[in-house]
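# Fold and geometry: a report
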Amino acid sequence: VLSHNLCTVLNVPHDPVALEEHFRDDDEGPVSNQGYMPYLNKFILEKVQGNFDKVEFNRMCWTLCAKKNLSKSPLLISDEDAFKVWVIFNFLSEDKYPLIIVPEEIEYLLKKITEAMGAGWQQEQFDHYKIALNTSREGLSAWELIDLIGSGQFSKGMDRQTVSMAINEVFNELILDVLKQGYMLKKGHKRKNWMERWFVLKPNIISYYVSEDLKDKKGDIILDGNCCVEALPDKDGKKCLFLIKCLDKTFEISASDKKKKQEWIQAIQSTVNLLRVGSPPPHKEARQKRKELRQKLLAEQEELERQMKELQAANENKQKELETVRKQLEAAAARAAEEEKKRLQTQVELQDRFSLELEREKMVRQKMEEQVAQKSSELEQYLQRVRELEEMYKQLQEALEDEKQARQDEETVRKLQARLLEEETAKRAELEKWHLQQQQTIQMTEAEKQELENQRMMKEQALQVAMQQLKQLELERKEALEQYEEVKKKLETAANNTKSWKDKVAHHEGLIRLIEPGSKNPHLITNWGPAAFTEAELEERQRSWKGKKATSE
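Note that the structure is predicted; figures quoted are calculated from it, not measured. (Residues numbered from 1 in each chain as written. Predicted model: local features only at pLDDT ≥ 70, side-chain atom pairs only at ≥ 80, totals over all residues. Heavy atoms only, no water.)

## Quick word on the pattern of salt bridges
Selection rule: Salt bridges, as used here, are contacts in which a Lys or Arg side-chain nitrogen is within 4 Å of a carboxyl oxygen on Asp or Glu. Put simply, DSSP H or I for four residues or longer makes a helix, DSSP E for two residues or longer makes a strand, and each gets a number counted from the N terminus.
Here the structure, examined in full by the defined rule, presents 23 salt bridges. Between Arg59 and Glu80 there is a salt bridge, with the nearest N and O atoms lying 3.1 Å from each other. One end of the pair, Arg59, is in helix α4 (residues 54–69); the other, Glu80, is in helix α5 (residues 79–92), with 21 residues separating them in the sequence. One salt bridge connects Lys180 with Glu263, and the closest N-O pair in it is separated by 3.2 Å. Remark: Glu263 occurs in helix α10 (residues 258–277) and Lys180 occurs in strand β1 (residues 180–187); sequence separation between them is 83 residues.

Here it is in structure tokens:
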């Protein structure tokens, strides 16, 4: 009977011949649970395709075990609610036998039921219950969970109907995968009239019924990754409209208010997004994450226990090693006592001999002290001399730094003088060019004389401006020459300081050798002072200037 009912519920063809063949040798006694499991796995469960009603299957299993295990004490929930709690337990329990639900999942379930009832969650009360539970066991069985919820310990002040509705809502979400449900108006495809329907949203389908008892189903809206939902403006006297677009059909729906409309749009859009990425429903994904977190914490706890055992074993080994060391120290102390006796005996013998050697050491020590005093005096004189030399070296370094700075200033002035000279040369070439152009304009015909006269006046003005710029360059060159003279004086002063320090250092036995600058080639002297370039560079510039002049002519 059990096998036939299982095959009927699971939509698997029943094979009586295989049943008789499997249990052929068990006629003398009852069939054990261990003997029935191989037949169940091979001839029934392996043939299941998944196209069966899971609620009916759970109800059959509930029928088999509820009468034997369900508590006889009166509960605040009905048998139907107890069945739904039992199914929820099977969904949230751990994947090991015997099945239990851990405190974390109990807290999750009680929170869901409390929220569905619209009551506040009593965390402190559950913490006390959790502490009492952890001291005695790891979790609760299905029947203990039914007793906990049916006792009303976490639903005080709520009537049976409110608790039953809350359990039903949680059952629909966790077991039936109902993401949202409620009454809305739907526009017909043929008659185009609006009818009130009870809509039920699941992970891949929206079903609509005549009423919420789900007896008269009117149709389905198949959802996939290509579906979309859009808000519509009010029209035809209908408000809070939105549109569900699928591949083959489009559905116009009207919610009761704007809040319900927005909730339905968000719920359907979230479902479509999950279908696009291939993710499971939110409650299943959350259960998997909680399970992975518990497994991770359990692995960490086991690793911690293993490390504690290793530390305990290492501690025991250390204690044994310390005991061995203590015994070795005791033996060493005994040997040390014997050696101390021998040492005292030899000390008396050696004391007389050491007294004679001590007298000789005193005499040697006096001689050494005299030598040390003499060496200390010589060392002090040497250190004083070294300090003087160090002071002279620092002063010499300062003089060299001054000389180096003076040379840098001289080089800067030379560069400035060279730049001014180049600008002066360029201005002179430009003036000569304008002068040649004026001579050429004088030789032109009388017919062009008036026009050339005007151009000449403009060029003369430009010439005056250039002469003013030339005068300004002359002034700048003079200022640069004055700066050069100042830098030259600084350089001579630094050279004299260096020479004086060189003479001073020569009197100290040649301990410090000055670093002198290398020899320099003689510079060209112009009408404005020392030039910034050599004669060869000047000749090269003169040839360049003559070439430019010949080109302009």
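Picking up after the structure, the text goes on.
## Description of the packing of aromatic side chains
Spelled out, the test is: Between the rings of Phe, Tyr and Trp (Trp by its six-membered ring), a pair exists once the centres lie within 6.5 Å; its type follows the angle of the planes, with under 30 degrees stacked, over 60 edge-to-face, and the other angles tilted. In this scheme, a residue with accessible area under 20% of its type's maximum is buried, one over 50% is exposed, and one in between is partly exposed, where area comes from a 1.4 Å probe on protein chains only.
By the definition in use, this model includes 11 aromatic pairs. On the basis of an interplanar angle of 55° and a centroid distance of 5.6 Å, the ring pair of Trp62 and Trp86 is categorised as tilted. Pair noted here: Trp62 is in helix α4 and Trp86 is in helix α5, with a separation of 24 residues, a long-range link. For the pair formed by Trp62 and Trp86, the shared burial category is buried.

## Brief notes about the sheet that holds strand β5 (residues 228–232)
To keep things clear, this is the line we draw: Criterion used throughout: strands pair if DSSP finds at least two bridges between them. Angular values range over 0 to 180 degrees, each being the angle between N-to-C directions of two axes fitted as lines to C-alpha atoms, with helices fitted over their stretch in contact.
Spatial strand order, β4-β3-β2-β1-β7-β6-β5: 7 strands in an open sheet with antiparallel pairing. Across the chains shown, the open sheet's two edge strands, defined by having one partner strand only, are β4 (217–222) and β5. The sheet shows a mean angle of 35° between the axes of neighbouring strands, direction not considered. Of the pairings in the sheet, the one linking β1 to strand β2 (residues 194–202) comprises 8 bridges and is antiparallel in character. Bridge pairing in β2 links Gly182 to Phe199.

## Description of a nonpolar patch on the surface
The following threshold applies: By definition, no residue in a patch forms a salt bridge, and every one has over 30% relative accessible area; like charges are joined within 9 Å, nonpolar side chains (Val, Leu, Ile, Met, Phe, Trp, Tyr) within 5 Å. Shrake-Rupley sampling with a 1.4 Å probe provides the accessible areas, and residues are treated as covered by the protein chains on show and by no other component.
Residues Leu304, Met308 and Leu311 make up a contiguous nonpolar surface patch of about 320 Å² in total accessible area. Following the sequence through the fold, Leu311 ends up in helix α11 (residues 282–442). The class for Leu311 is exposed, based on a relative accessible area of 56%.

## Comments concerning the state of the cysteines
The cut-off we apply is this: Cysteine sulfur atoms are paired as a disulfide whenever they come within 2.5 Å of each other.
One pass over the structure, following the stated rule, counts 0 disulfides. Looking at Cys240, it has no disulfide partner, and the nearest cysteine sulfur is the one in Cys228, 20 Å off. For the unlinked cysteine Cys246, the closest cysteine sulfur is that of Cys227, found at 3.4 Å.

## Some remarks on the UniProt feature "domain: PH" (unreviewed entry) in the protein
Applicable threshold: UniProt positions are given in the numbering used here, feature names are shortened, and annotations may be inferred rather than shown by experiment.
In the numbering adopted here, UniProt assigns the feature "domain: PH" (unreviewed entry) to residues 177–273. Strand forms 44% of residues 177–273 and helix 16%; the C-alpha atoms that close the span are 16 Å apart.

## A short note on the environment of Ile206
Cut-off, in case you're wondering: Note on definitions: a residue-residue contact is assigned when non-hydrogen atoms from the two residues lie within 4.5 Å.
Within the secondary structure, Ile206 is located in strand β3 (residues 205–209). Remark: the alpha-carbon pair of Ile206 and Ile222, spanning 16 residues in sequence, is separated by 6.5 Å. Each residue touching Ile206, except ones within four places of it in the same chain, is listed here: Phe199, Val200, Leu201, Gly219, Asp220, Ile221, Leu223, Ile244 and Ile268.

## Comments concerning the environment of Glu46
Counting through the fold element by element, Glu46 comes out in the loop between α3 (33–44) and α4. The spacing of Glu46 and Val12 is 34 residues in sequence and 9.7 Å in space, taken between C-alpha atoms.

## Remarks on the pairing of strand β7 (residues 250–254)
The side chains of a regular strand alternate, residue by residue, between the two faces of the sheet. By the criterion of burial, β7 is predominantly enclosed, with 4 of the 5 residues buried. Sheet topology places β1 next to β7; 2 bridges connect them, and they run antiparallel. Directly across from Leu185, in β7, lies its bridge partner Ser254. The pairing of strand β6 (residues 241–245) with β7 spans 5 bridges and is classified as antiparallel. Bridge pairing links Ile244 to Phe251 in β7.

## Comments concerning unusual backbone geometry
Despite not being glycine, Asp236 has its phi angle at roughly 55°, a positive value. By secondary structure assignment, the location of Asp236 is in the loop between β5 and β6. Not every positive phi belongs to a glycine, and Cys240 is a case in point at roughly 55°. Within the element layout of this structure, Cys240 appears in the loop between β5 and β6. With relative accessibility at 9%, the residue Cys240 sits in the buried group.

## Overview of the confidence of the model for the protein
Residues shown with low pLDDT carry predicted positions that ought not to be read at fine detail. Rules: Confidence of the predictor at the level of single residues is given by pLDDT, which spans 0 to 100.
This prediction gives the protein a mean pLDDT of 82; 91% of its residues lie at or above 70. Strand β8 (residues 525–526) is the least confidently modelled element of the protein, averaging 59 in pLDDT, while β3 averages 92, the highest of any element.

## Describing the packing of helix α6 (residues 103–117) against helix α8 (residues 142–150)
This is how it is decided: By the definition used in this description, the sense in which the near helix is turned from the far one sets the handedness, with an anticlockwise turn below a right angle giving left-handed and a clockwise turn giving right-handed.
Running from N to C, α6 and α8 cross one another at 35°; their axes reach a closest spacing of 12 Å. Pair α6 / α8 crosses with right-handed handedness. Across the interface between the two elements, Ile106, Leu109, Leu110 and Ile113 from α6 touch Leu145, Leu148 and Ile149 from α8.

## Some thoughts on the nonpolar core
The nonpolar side chains of a soluble globular protein tend to be buried with one another. Basically, it comes down to this: By nonpolar core we mean a set of buried residues, namely Ala, Val, Leu, Ile, Met, Phe, Trp, Tyr and Cys, connected to one another through side-chain atoms within 4.5 Å.
With 39 residues, the main nonpolar core has Trp62, Trp86, Ile106, Leu109, Ile113, Ile146 and Ile149 as its most contacted residues. Elements with a contribution of two residues or more to this core: α4, α5, α6, α7 (123–134), α8 and α9 (160–174). Once residues lying within four places of it in the same chain are set aside, the contact partners of Ile149 are Val85, Leu109, Leu110, Ile113 and Ile167. Listed in part, the 21 residues of the second largest apolar core include Met184, Cys240, Phe251 and Ile253.

## Notes on the side chain of Thr271
Mapping Thr271 onto the fold places it in helix α10. Classification of Thr271 by relative accessible area gives buried; the value is 3%. Once you skip the residues sitting within four places of it in the chain, Thr271 turns out to touch Leu179, Leu201, Lys202, Pro203 and Leu223.

## Some thoughts on α7
This is how the line gets drawn: Given the number of residues in a helix, its expected span is that number minus one, multiplied by 1.5 Å. An arc is given here, and it is the one of the directions from the helix axis to the C-beta atoms.
Between its first and last C-alpha, α7 extends 16 Å over 12 residues, near the 16 Å set by a 1.5 Å rise per residue. Taken together, the buried positions of α7 are occupied by Phe126, Tyr129 and Leu133. What you see down the axis of α7 is that its buried residues fit within an arc of 60°, all on one side. The outward face of α7, more than 90 degrees from its buried face, is lined by the exposed residues Glu124, His128 and Ile131. At its buried positions, α7 is contacted by α6 and α8.

## Points about the packing of α6 against α9
The following threshold applies: Roughly parallel covers angles under 35 degrees, roughly antiparallel covers those over 145, roughly perpendicular covers 65 to 115, and oblique covers all other angles.
The contact between α6 and α9 brings their axes to 8 Å, and the two run at 120°. It follows that α6 is oblique to α9 by the angle criterion. By crossing handedness, the relation of α6 to α9 is classed as right-handed. Counting all contacts with α6, which are made through Tyr108, Leu109, Lys112, Ile113, Ala116 and Met117, the residues of α9 involved are Thr162, Val163, Ala166, Ile167, Glu169, Val170, Glu173 and Leu174.

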